[in-house]
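Here is how the chains run, residue by residue.
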Amino acid sequence: MSFYTFMGSVEQGLVYAVMVLGVYLTFRVLDFPDLTVDGTLPLGAAVTGSLMLQGWDPFTSLGMAMLAGALAGCVTGFLATKLRIMSLLASIITMTALYSINIRIMGRPNLALLNQTTIFDALAVPAIPRFLLTPLIFLAVAGGCKLVLDLFLHTHLGLALRGTGDNPQMIRSQGVSTDNMILIGVSLSNALVALAGGLVAQSQGFADVGMGIGTIVAGLASVILGESLVGKESVLRQTLSAIVGSLVYRFAIVVALSYQVGFLRLTPSDLNLITAVLVVVCLTIPMLRKRMRWKRA
Amino acid sequence: MLQITNLRKVFNEGSINEMVAIRSINCLVEKGDFITVIGSNGAGKSTLLNLVAGTFTPNEGDIFISGERVTHWPEHRRAAYIGRVFQNPLSGTCATMTIEENFALAGNRGKKPGLRWGVTRRDHKAFQEKIRLLGLGLEYRLKDRVGLLSGGQRQSLTLLMATLQRPRILLLDEHTAALDPPTAAQVLKLTQELIQEMGLTSIMVTHNMRHALELGNRLVMMHGGKIILDVAGEEKRRLTVQDLLNEFAKLKGDAVADDKMLLI
């Protein structure tokens, strides 16, 4: 693997870490499996891209992407809590709707953002080459998101949110509306995912309606990978594990794609298959470990 | 304090699984009352508590707390007035959160959770003082996850949490039934102390007749979704286990069928 491919995987790992933090928030904190993210990632890209093409500032367009993501999350939350649709189904419904909405926003299935001033141009420092600058910016964003999330999850609202995923009956008996917590949590999560989408669009120079496929599976794989490496004893560790998991996941993908297995050479289109297998392996390892321990005992 | 009028709760109404849990209940709970509730399985004791707490909404009738009609208030809104301890010792706390974080949730009961810091240094001190009263050594483990604690420890914490913010009504749903006898006795003692010291209006469901007789100033016996016996004061003090058994045999028209009723 060349140095540039390595830096590329670090860059990807850091930008998608923002998405993984969002997935962590729903999947682990709220215990609300949310597939909306497959639609929110391209939503973030679409909103950012369209606004930039209309001459908006690249930072403000990222903010608007987050707002759009939060709105999408709000819809899923509304379907799940007020209309009592099963959480998984509610998120699939929103995700499906977002496909059409994303094309509406862009006016076509994809946008090229060539010659647009991105945040990377705005933050460019002559002394730092681009291949270092981009990962550094992504590191700052992912680290910032982790920090804000860490602080948030220790406020009263954050405690109520964590409790909602842990023991909803107890949380209701403490006077907190679990419905509201789900609405807030899912919105926040999708805002993060949309931010990741916007950042990806700006760094790659395009937005595509299909770029979100497999987001949730990649997110879950990263969360689970991270937890098995970093542990999940505290909130700080869990958010760190989301970032580490994302890095390791992207790195593993690059490695998998750069080797030939027998006559088979993996291509980027095999990515979803690899990820699916990876998630199954990650999910079953704890169970297998337990069984091994029993046998030894 | 708590007024219940013509309350009726039917599960799966209109289907073949229809089950009348509460047939018709009228009850006035005075301020400072400590009521023990007994009855066989399926008598409607837990359903009654769930109706008061707002976990279920009744089919008919009304519930008033301090004169306010709360019949259709959602559970989380009513929680501002109600402290609750469940039968399952794991139900009252969040296992993945620390002791102090659980206490912070309880300390904020009935208020909107905002962006204030969850556990301040002052909170930590205050919680520590409270928890010291348990005498379980938990005051040094405030940053431990609750999932690491035993059922008895968790139930003691739940009880303390339910009274952290003075509730207008304390609901105890067989909260010692799942604990081993020595732990159950300890939790029961704590219950009695807390209720006495704070002068709390409380309703305690129990399967243990002796507990029902020893604790509280008023005893209610339920059967088939109705209150079949309601004694208070001097009359309750004279009541014996045998009286209760006789009462049961008489009112049911047959021998006590449920062996759980025979826990003495």
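Being a predicted model, the structure only gives us computed values, none of them experimental.

Basis of the calculations
Residues numbered from 1 in each chain as written. Chains lettered and ligands numbered in written order. Predicted model: local features only at pLDDT ≥ 70, side-chain atom pairs only at ≥ 80, totals over all residues. Heavy atoms only, no water. Helix = DSSP H or I, 4+ residues; strand = E, 2+ residues; numbered from the N terminus. Rg over C-alpha atoms; globule rule 2.2 N^0.38 Å. Buried < 20%, exposed > 50% of the residue type's maximum accessible area, 1.4 Å probe, protein only. Contact = heavy atoms within 4.5 Å. Areas by Shrake-Rupley, 256 points an atom, 1.4 Å probe, with all protein chains shown as cover. Lys, Arg positive; Asp, Glu negative; His and termini not counted. Charge placed at Lys NZ, Arg CZ, Asp CG, Glu CD. Salt bridge = Lys/Arg side-chain N within 4 Å of Asp/Glu carboxyl O. Polar contact = N/O pair within 3.5 Å; in protein donor to acceptor, adjacent residues only side chain to side chain. Nonpolar A, V, L, I, M, F, W, Y, C, P; charged D, E, K, R; others polar. Domains from an automatic or database assignment. Buried area = accessible area lost by both parts, 1.4 Å probe. Core = buried A, V, L, I, M, F, W, Y, C linked by side-chain atoms within 4.5 Å.

## A short note on the overall build of chain B
Stage number 1. A tally of helices and strands in chain B yields nine helices and 10 strands.
Stage number 2. Relative to its length of 264 residues, chain B is compact, with a C-alpha radius of gyration of 19 Å against a globular reference of 18 Å.
Stage number 3. In terms of its C-alpha atoms, chain B occupies a principal-axis envelope of roughly 60 × 40 × 35 Å.
Stage number 4. For chain B, with 264 residues in total, the buried portion stands at 52%.

## Overview of the overall build of chain A
Stage number 1. Looking only at helices and strands, chain A has 12 helices and four strands in total.
Stage number 2. Each of the three principal axes of chain A carries a C-alpha extent, and together these read 55 × 45 × 35 Å.
Stage number 3. Residue burial in chain A is summarised as follows: out of 297 residues, 51% are buried.
Stage number 4. Long-range contacts, defined here as pairs at least 24 residues apart, represent 77% of the contacts in chain A between residues at least 6 apart.
Stage number 5. Summing over all exposed atoms, chain A offers an accessible surface of approximately 13300 Å²; the carbon and sulfur share of this is 69%.
Stage number 6. Separation of charge centres in chain A, based on 19 positive and 13 negative side chains, amounts to 10 Å.

## A few points about the pattern of salt bridges
Stage number 1. Taken as a whole and judged by the stated rule, the model has 16 salt bridges over all chains.
Stage number 2. A salt bridge links R84 of chain A to D179 of chain A, with the nearest nitrogen and oxygen atoms 3.2 Å apart. In this pair, R84 of chain A sits in the loop between α3 (58-81) and α4 (87-106) while D179 of chain A sits in helix α9 (residues 178-204), placing the two residues 95 residues apart along the sequence.
Stage number 3. With a shortest N-O distance of 2.9 Å, D230 of chain B and R218 of chain B are connected by a salt bridge. In this pair, D230 of chain B is assigned in strand β10 (residues 226-232) and R218 of chain B in strand β9 (residues 218-223), connecting sequence segments 12 residues apart.
Stage number 4. In this structure D230 of chain B comes out as partly exposed when scored by relative accessible area, which is 38%.

## Here's the deal with the interface of chain A and chain B
Stage number 1. Of the residues lining the interface, 25 residues belong to chain A; the matching set on chain B comes to 32 residues.
Stage number 2. Inspection of the chain A/chain B interface yields two salt bridges.
Stage number 3. Two residues, E101 of chain B and R162 of chain A, come together in a salt bridge whose shortest N-O distance is 2.9 Å.
Stage number 4. Where chain A touches chain B, the interface holds 13 residue pairs in polar contact (both at pLDDT 80 or more).
Stage number 5. Those elements that provide at least two residues to the side of chain A that touches chain B are α6 (130-152), α7 (156-166) and α8 (168-173) of chain A.
Stage number 6. In terms of residues, the side of chain A that touches chain B owes the most to one element, α7 of chain A, which gives seven residues.
Stage number 7. The residue makeup of the side of chain A that touches chain B, split by class, is nine nonpolar, 11 polar and five charged.

## Describing the environment of R141 of chain B
Stage number 1. Within the secondary structure layout, R141 of chain B lies in the loop between α4 (121-132) and α5 (151-162).
Stage number 2. Residue contacts for R141 of chain B: discarding those within four places in its chain leaves I99, L148, L149 and Q153 of chain B.

## So, the domain arrangement of chain B
Residues and elements named next belong to chain B.
Stage number 1. Split into domains, chain B comes out as domain 1 (27-57 + 67-81 + 167-264) and domain 2 (90-149).
Stage number 2. Taken over C-alpha atoms, the centre of domain 1 sits 28 Å from the centre of domain 2.
Stage number 3. Facing six residues of domain 1, the contacting portion of domain 2 comprises four residues.
Stage number 4. Taken over both partners, the interface formed by domain 1 and domain 2 buries close to 370 Å², and the fraction arising from carbon and sulfur atoms is 56%.
Stage number 5. Ranking the residues of domain 1 by area buried against domain 2 places A79, A80 and L190 at the top, with a combined share of 61%.
Stage number 6. At the junction of domain 1 and domain 2, the tally comes to zero salt bridges.
Stage number 7. At the boundary of domain 1 with domain 2, the tally comes to one residue pair in polar contact (both at pLDDT 80 or more).
Stage number 8. Each residue belonging to the side of domain 1 that touches domain 2 can be placed in one class, and the counts come to five nonpolar, one polar and no charged.

## Describing the nonpolar core
Stage number 1. Counting residues in each nonpolar core, the largest one holds 97 residues, and the members touching the most others are M19, Y24 and L153 of chain A together with I99, F103, I131 and L157 of chain B.
Stage number 2. Top element by residues in this core is helix α1 (residues 3-30) of chain A. It accounts for 14 residues.
Stage number 3. Shared between two domains, this core takes at least three residues from each, and those domains are domain 1 (27-57 + 67-81 + 167-264) and domain 2 (90-149) of chain B.
Stage number 4. Discounting chain neighbours no more than four positions away, the residues touching M19 of chain A are L41, V193, A196, T215, G219 and R250 of chain A.
Stage number 5. With 27 residues, the next largest nonpolar core counts I4, L51, W73 and I82 of chain B among its residues.

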